[in-house]
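# Analysis of the macromolecular model
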Amino acid sequence: QVQLVESGGGLVQAGGSLRLPCALSGRTFSSYSMGWFRQAPGKEREFVAAITWSGTRTTIADSVKGRFTISRDNAKNMVYLQMNSLKPEDTAVYYCAAAGTSWGAMSSAYDYWGQGTQVTVSS
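This text gives an overview of the structure that appears in the document. Here the structure is a predicted model, which is why all the values come from computation and not from measurement.

### Side note on the state of the cysteines
The tally for this structure, following the rule as stated, stands at one disulfide. A disulfide bridge connects Cys22 with Cys96, and the sulfur atoms are separated by 2.2 Å. Between Cys22 and Cys96, the disulfide has an S-S torsion of -85 degrees and is therefore left-handed. Placement of the pair is Cys22 in strand S3 (residues 18-26) and Cys96 in strand S9 (residues 92-99), with a sequence separation of 74 residues. Residue classification places Cys22 among the buried residues on the basis of a relative accessible area of 0%. When its relative accessible area of 0% is taken as the criterion, Cys96 is described as buried.

Okay, here's the thing in structure tokens:
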């Protein structure tokens, strides 16, 4: 089994920054592509960013492009979401996910999910 734990969430003012780490533990022998999703109350879960196992390719949602970046450190089994220039509409629970056979913007591609961390952006 694989466990994913997100952290780093909290309350931040509009225009501020947060970095969300995701720690992967358990069965870590496989190569996983990683993604970040978010979900606001009453709304569907939406894609934020994804990164391949090598870290050489990423895809970013248009809503956060230019403000958010995704990165990973495989030696530490860590994935990061750097969020800059935060807006109130970024308020959501953010989830880290791992995909063993695919990657990208579709949530169905991911096999494991973290518990989520709350990000609240005030104005």
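### Considerations on the pattern of salt bridges
Enumeration according to the criterion identifies four salt bridges in this entry. Salt-bridge contacts for Arg38 lead to Glu46; the nearest nitrogen and oxygen are separated by 2.7 Å. The residue Asp90 makes a salt bridge to Arg67 at a minimum N-O spacing of 2.8 Å. Taken together, the residues span a long stretch of sequence, with Asp90 in the loop between strand S8 (78-83) and S9 and Arg67 in the loop between strand S6 (58-60) and strand S7 (68-73) at a distance of 23 residues. For Asp90, a relative accessible area of 0% gives the class buried.

### Description of the sheet that holds strand S1 (residues 2-6)
The strand order across the open sheet built from four strands is S1-S3-S8-S7, with neighbouring strands paired in antiparallel fashion. This sheet does not close on itself; its edge strands, each paired only once, are S1 and S7. Between one strand and the next, the sheet's axes are offset by a mean angle of 15 degrees, whatever the strand orientation. The pairing of S3 with S8 spans six bridges and is antiparallel. Paired with Leu18 across the two strands is Met83, which belongs to S8.

### Notes on the packing of aromatic side chains
This structure, assessed with the given rule, holds five aromatic pairs. Both rings, one in Phe37 and one in Phe47, keep their centres 5.6 Å apart while their planes meet at 70 degrees; by these two values the pair is edge-to-face. Of the two residues, Phe37 is situated in strand S4 (residues 33-39) and Phe47 in strand S5 (residues 46-51); the sequence distance between them amounts to 10 residues. Overall, the relative accessible area of 14% leaves Phe47 in the buried class. Their ring planes at 80 degrees and their centres at 5.2 Å tell us that Phe37 and Tyr110 sit as a pair that is edge-to-face. Here the residue Phe37 occupies a position in strand S4, and Tyr110 occupies one in the loop between S9 and strand S10 (112-113), the gap between them amounting to 73 residues. The burial state of Phe37 is the same as that of Tyr110; both residues are buried. Site record: aromatic cluster; members linked through ring pairs are Phe37, Phe47, Tyr110 and Trp113. Over the ring of Tyr95 we find Arg45; its NZ or CZ atom is 4.0 Å from the centre of that ring.

### With respect to unusual backbone geometry
You will see that Asn77, though not glycine, has its phi angle at about 55 degrees, which is positive. One can find Asn77 in the loop between S7 and S8. The exposure class assigned to Asn77 is partly exposed, which follows from its relative accessible area of 29%. Of note in the backbone geometry, Ser85 takes a positive phi value of approximately 50 degrees without being a glycine. For Ser85, the position within the fold is in the loop between S8 and S9. Accessibility expressed as a relative area gives 40% for Ser85, which makes it partly exposed.

What counts as what
Residues numbered from 1 in each chain as written. Predicted model: local features only at pLDDT ≥ 70, side-chain atom pairs only at ≥ 80, totals over all residues. Heavy atoms only, no water. Disulfide = S-S within 2.5 Å. Helix = DSSP H or I, 4+ residues; strand = E, 2+ residues; numbered from the N terminus. Buried < 20%, exposed > 50% of the residue type's maximum accessible area, 1.4 Å probe, protein only. Salt bridge = Lys/Arg side-chain N within 4 Å of Asp/Glu carboxyl O. Pairing = 2+ DSSP bridges. Axes fitted to C-alpha atoms, helices over the stretch in contact; angles between N-to-C directions. Phe/Tyr/Trp six-rings, centres within 6.5 Å; stacked < 30°, edge-to-face > 60°. Lys NZ or Arg CZ within 6 Å of the ring centre and 35° of its normal.

No statement about biological role is implied by the geometric values presented.
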